[in-house]
Each structure stands twice: as structure tokens, then as C-alpha cells.
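Listed below are the residues making up each chain.
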Amino acid sequence: MTHMELVDRLKKKYKVEIHPDFTAWTQSVQTAPIVNRDNEQGWQDDGDGLIQIKRMKKEDLQHEVLVPKSEHPYDDYLDVIKLPMEIPMEKRIPAPQFLFIRPDDYALFYCCGKKDWCILTGNPGISKSWFQWKFILLCYRQELLDRFVPFMEEEDDDYKEGEEDR
């Protein structure tokens, strides 16, 4: 059975419509080559079908960012991913091909991966909707998570020890 035959069968069985932009987006992120960019390089033009990644530190940003002093060595950067296609959203957004992954997102990915199921809740405006796109991307392309994840083994052991208390 081909992929399209399976899709047609599932659409009929469950009476759902598959969003063609979402399907195209998931296929593009599954197959796109991954290219590291340093902060001196610009982004490549869109038609190349690449996932481009940069780790931007505070000093790489064009504007001064006031952040409190952190006890963690990984709190002073932002990982930026340029996708091969725009994220298929109803609402128009300023940078539809970019995902910005904060260091605290990795702890959330890590926690989600340790559980059989998760429900993400939170106050309005804390990027829950954006997290779903990051999560989908990193489920399809786990090698991106392996490249970025800031956890060290001793932190992983600390997490395991603290998990017993939950």
C-alpha cells in the first residue's frame, strides 16, 4: 500500500480532512538536509530545502538583552532553526520559517520524553503553541535534539534521583 492509499483509507475511515500544508511541512522537515551556520554566515535563500541551525549567544544579538545572571552555563544562548518551509499557521506571523528554542525548552523536551503521555498547560503568552511546532520538528528529527541538548551526565543523574520524589 502506498502512502497516498493509506492516507485516503484513513481519511475515509475516520472522516477527517488532512491539511495539505501540514503534510507538506512534515515531509519537508523529515527529508531536508541539516546545515550548521556560524553567526558570521547569513541564512541561505529559501528554495534550497535546508534546515539551517545557529546557536546565538547574547553577544551575537543586535540589541542589548538584559538577562539576570544565571547559575547555568547554558542560559545565555538561543538556538535558531530556519525551516525549509513556513510553519502552516492560520495567523500570519513575522518570521514563519524560524523556530527559536530557548534553553528551558530542552528541559521540557527531556521531561516529555521520560513520560508515556504529557499535557502541556500554562499561562497565556508563554509559547505553548510554538512549543508544539518545536516538539513535532524534534520528534521527526531527533538528531537536532542530540546536537543541541545542553544536559550533561551529572545533571541527568540528578534528574533521575529527584524523579523518585515526584
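Just above, that's the structure.
Conventions and cut-offs
Residues numbered from 1 in each chain as written. Predicted model: local features only at pLDDT ≥ 70, side-chain atom pairs only at ≥ 80, totals over all residues. Heavy atoms only, no water. Core = buried A, V, L, I, M, F, W, Y, C linked by side-chain atoms within 4.5 Å. Buried < 20%, exposed > 50% of the residue type's maximum accessible area, 1.4 Å probe, protein only. Helix = DSSP H or I, 4+ residues; strand = E, 2+ residues; numbered from the N terminus. Contact = heavy atoms within 4.5 Å. Pairing = 2+ DSSP bridges. Axes fitted to C-alpha atoms, helices over the stretch in contact; angles between N-to-C directions. Phe/Tyr/Trp six-rings, centres within 6.5 Å; stacked < 30°, edge-to-face > 60°. Lys NZ or Arg CZ within 6 Å of the ring centre and 35° of its normal. Expected span 1.5 Å × (residues − 1). Arc of directions from axis to C-beta. Salt bridge = Lys/Arg side-chain N within 4 Å of Asp/Glu carboxyl O. Patch = residues over 30% accessible without salt bridge, like charges linked within 9 Å, V, L, I, M, F, W, Y side chains within 5 Å. Areas by Shrake-Rupley, 256 points an atom, 1.4 Å probe, with all protein chains shown as cover.

Draft legend 1. Spotlight on the nonpolar core. If you look at the biggest cluster of nonpolar residues, it comprises 20 residues, and the most contacted ones within it are Ile-51, Ile-81, Leu-83, Leu-137 and Leu-144. Mapped onto this core, the elements with two or more residues apiece are α2 (20–31), β2 (51–57), β3 (77–82), β4 (98–101), α3 (103–114), α4 (128–140) and α5 (142–148). Those residues in contact with Leu-83 that lie beyond four places of it in its chain are Trp-25, Val-29, Leu-50, Gln-97, Leu-99 and Leu-137.

Draft legend 2. Structural view of the sheet that holds β4. Strands sit in the order β1-β2-β3-β4 across an open sheet of four strands; the sheet is mixed. The open sheet has two edge strands with one neighbour each: β1 (34–36) and β4. Each neighbouring strand pair of the sheet contributes to a mean axis angle of 25°, computed without reference to strand direction. Two strands pair when backbone bridges link them, and β1 and β2 are joined in this way by three bridges, in the parallel orientation. Each residue of the ladder has a partner; that of Ile-34, found in β2, is Ile-51. On top of the sheet, α3 reaches β2, β3 and β4; it is set at about 85° to β4, its chief contact.

Draft legend 3. Spotlight on the packing of aromatic side chains. Evaluated as defined, the whole model comprises nine aromatic pairs. Between Phe-98 and Phe-100, the ring centres sit 6.3 Å apart and the planes meet at 15°, which makes this aromatic pair stacked. On the basis of relative accessibility, which here comes to 18%, the residue Phe-98 falls in the buried class. Seen from their ring centres, Phe-109 and Phe-131 are 4.9 Å apart, and the 20° between their planes marks the pair as stacked. Pair noted here: Phe-109 is in helix α3 and Phe-131 is in helix α4, with a separation of 22 residues, a long-range link. Here the two residues Phe-109 and Phe-131 agree in accessibility, since each one is buried. Joined through ring pairs, the aromatic side chains of Tyr-106, Phe-109, Phe-131 and Phe-135 make up one cluster. Between Lys-54 and the ring centre of Trp-43, over which it is positioned, the NZ or CZ distance is 4.6 Å.

Draft legend 4. Quick look at α2. Along its 12 residues, α2 runs 17 Å from first to last C-alpha, staying within 8% of the 16 Å computed at 1.5 Å per residue. Of the residues making up α2, those classed as buried are Trp-25, Thr-26, Ser-28 and Val-29. Buried residues in α2, looked at end-on, bunch into an arc of 160°, giving them a common side. Among the exposed residues of α2, those pointing more than 90 degrees away from its buried face are Pro-20 and Thr-31. Buried residues belonging to α2 abut β2 and α4.

Draft legend 5. Layout of the pattern of salt bridges. Applying the stated criterion across every chain, the model contains five salt bridges. Here Lys-134 and Asp-105 are joined by a salt bridge, their closest N and O atoms 2.7 Å apart. Of this pair, Lys-134 sits in helix α4 while Asp-105 sits in helix α3, placing them 29 residues apart in sequence. For the residue pair Lys-134 and Asp-105, the accessibility class agrees, reading buried in each case. Residues participating in the shared-partner salt-bridge network are Arg-102, Asp-104, Asp-105 and Lys-134.

Draft legend 6. Here's a closer look at a nonpolar patch on the surface. Residues Met-1, Leu-6, Leu-10, Tyr-14 and Val-16 make up a contiguous nonpolar surface patch of roughly 510 Å² in combined accessible area. In this fold, Val-16 is placed in the loop between α1 (3–14) and α2. By relative accessible area, which is 42% here, Val-16 ends up partly exposed.

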